[in-house]
Amino acid sequence: MKFPLLLAPVAAAALLTAGSAYAQQTYKIAYIDPLSGPFANVGELMLTHTQFAIEDINAKGGVLGGTKLQLLQFDSKLSAQESQSALQAAIDQGARAIVTGGSGSSVVSAIVQAVNKWNQRNPGKELLVLNHSSIDPELTGKQCSFWHFQTDANTAMKMKAIANYIKKTPEVKKVYLLNQDYAHGKQWASYGRQLVGLARPDIQFVGETLHPIGRVKDFAPYVANIRQSGADSVITGNWGQDMTLLLKAAGDAGYDLHYFNHSAGSVPGTVLAVSQAKLGQLTWVAEWHPGQADSPKVDALAKAYKAKTGKDFLAPRIEMTPRLLAAAINKAGSTDTPKVAKAMENLTFDSVVGPVRMRAEDHQLLIPQVVNTIAPVDGKTVKVGWEGTNYGFRTDAVYSGNELAQGTDCKMAQP
């Protein structure tokens, strides 16, 4: 895929000169993710988490003893092409870093490729890409970039946590693979076969289907196919409405399935969908889940977040992403992008979910992961209901980032 040159050199130079005085007081970060369409609720959630962190950083003095962070907002429309236009606009407005991740791995990959080309052609005006949710391992593997940093556990790490849990869950016997037809959906299916099959050689994989992302209105035909296969469980990377509509269709069909997913429980509407279906278990993995015991730092942050935004706090890694950037800027003692990138490498950070480290060799954050299941409140394993329901989250297993760390095919070219 080819991308146009984002700015003519003369125009870029003029823009940099015109904004240089203002840039000394502000460091601009561009948010590029879906703010319209079927996944707008996901984009809004991610935007609010990002805004909250940036406002808190600024309230405490910003970075480098007074430089404030400024957030620019752009709608990716879940499209690689639209994201290119957003990236162009971000550069036009003086952005130095891109925060993204909610548009899918194919969109994030396109952004990273475009940034690679821009940075190569425009030394001194480079950008960083901070990716909080697109978790295709290729982004920190064969497609790795010096300018890209992954702040969530990748697909392989998450599936390893799921596989470790399934190894101790003998009732899982026949598994169907149902996933969105794009890079990450295919990766979730592939790692499911590989890692779950390795953990449980006795498991039968009884079928596999890919479906269009964000375009299926009724999953009943897919559920019928799963039922015909005899599956008791589904490995699915679905998120947003693709997850809630799948739950609804299975519930309407009276089909009690166990779903294994990467992050669905952190998306608004998922717990409500499980409670309405009244059938099925949804097990997913993230750095934290609401109501998790012995997490006082997250509890305090969630309380402050709710007080300020009026919304529930769901994703520490997204709120953490601007804080990692701020820490790297302060460590570098500069907003110069190559220096900030070098400072981010091997950066250790005492996050609200525990210590994390940005691995230098592939720019993959080593972050804890919690396997948990959406389940009815019982006062013991599930103490807090969510989304106005009597369903919450049950902790099943906790793994450190080091326990889930994988090898990498990354061969990173230095600038």
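Residues numbered from 1 in each chain as written. Predicted model: local features only at pLDDT ≥ 70, side-chain atom pairs only at ≥ 80, totals over all residues. Heavy atoms only, no water.

**Things to note about the state of the cysteines**
On inspection of all chains with the given rule, the structure shows one disulfide. For Cys 144, the disulfide goes to Cys 410, at an S-S distance of 2.1 Å. With the S-S dihedral at roughly 85 degrees, the linkage between Cys 144 and Cys 410 falls on the right-handed side. One end of the pair, Cys 144, is in the loop between strand 4 (128-131) and strand 5 (148-150); the other, Cys 410, is in the segment after helix 13 (401-404), and 266 residues separate them in sequence. You'll find Cys 144 and Cys 410 in the same group, each marked buried. (Disulfide = S-S within 2.5 Å. Helix = DSSP H or I, 4+ residues; strand = E, 2+ residues; numbered from the N terminus. Buried < 20%, exposed > 50% of the residue type's maximum accessible area, 1.4 Å probe, protein only.)

**Quick notes on the sheet that holds strand 2 (residues 68-75)**
Overall, parallel pairing links the five strands, which are arranged 2-1-3-4-5 in an open sheet. In this open sheet, the two edge strands, each paired with only one partner strand, are strand 2 and strand 5. Neighbouring strand axes in the sheet, compared pairwise and without regard to direction, differ in orientation by 25 degrees on average. The pairing of strand 3 (residues 97-100) with strand 4 spans four bridges and is classified as parallel. What sits directly across from Thr 100, in strand 4, is Asn 131. Of the strands in this sheet, strand 4 and strand 5 are in contact with helix 12 (residues 337-344), which crosses strand 4 at around 35 degrees. (Pairing = 2+ DSSP bridges. Axes fitted to C-alpha atoms, helices over the stretch in contact; angles between N-to-C directions. Contact = heavy atoms within 4.5 Å.)

**Observations concerning the side chain of Asn 154**
Position of Asn 154 relative to the elements: it lies in the loop between strand 5 and helix 5 (155-167). Its relative accessible area of 7% is what places Asn 154 among the buried residues. Polar contacts involving the side chain of Asn 154 include one to the main-chain amide nitrogen of Ala 156, which spans 3.1 Å. Here Gln 364 takes part through its side chain, which lies 3.4 Å from a polar atom of the side chain of Asn 154. (Polar contact = N/O pair within 3.5 Å; in protein donor to acceptor, adjacent residues only side chain to side chain.)

**Section: the confidence of the model for the chain**
Chain-level pLDDT for the chain is 92 on average; 94% of the residues reach the 70-or-more range. Note that pLDDT drops below 50 for residues 1-24; the model gives that stretch 33 contacts with residues more than four away or on any other chain. (pLDDT = per-residue confidence, 0-100.)

**Observations regarding the pairing of strand 12 (residues 354-358)**
Relative to strand 12, strand 11 (residues 348-351) is paired through four bridges, and the arrangement is antiparallel. The partner of Thr 348 across the bridge, within strand 12, is Arg 357. With antiparallel pairing between neighbouring strands as the criterion, strand 11 and strand 12 make up a hairpin whose turn holds two residues. The pairing of strand 12 with strand 13 (residues 365-366) spans two bridges and is antiparallel. Across the sheet, the residue bridging to Met 358 is Leu 365, located in strand 13.

**Regarding the packing of aromatic side chains**
This structure, assessed with the given rule, holds nine aromatic pairs. Here Trp 284 and Phe 393 contribute two aromatic rings whose centre-to-centre distance is 5.7 Å and whose plane-to-plane angle is 70 degrees, an arrangement assigned as edge-to-face. Of this pair, Trp 284 sits in strand 10 (residues 281-286) while Phe 393 sits in strand 15 (residues 391-399), placing them 109 residues apart in sequence. Here Trp 284 matches Phe 393 in class, with each residue buried. With centroids separated by 6.3 Å and ring planes inclined at 65 degrees, the aromatic side chains of Trp 386 and Phe 393 adopt a geometry described as edge-to-face. Under the relative-accessibility criterion, Trp 386 is labelled buried at 14%. Here a set of aromatic residues connected by ring pairs shows up, and it is made of Phe 52, Trp 288, Tyr 305 and Phe 313. A cation sits over an aromatic face here: Arg 227 above Tyr 255, 4.7 Å from the ring centre. (Phe/Tyr/Trp six-rings, centres within 6.5 Å; stacked < 30°, edge-to-face > 60°. Lys NZ or Arg CZ within 6 Å of the ring centre and 35° of its normal.)

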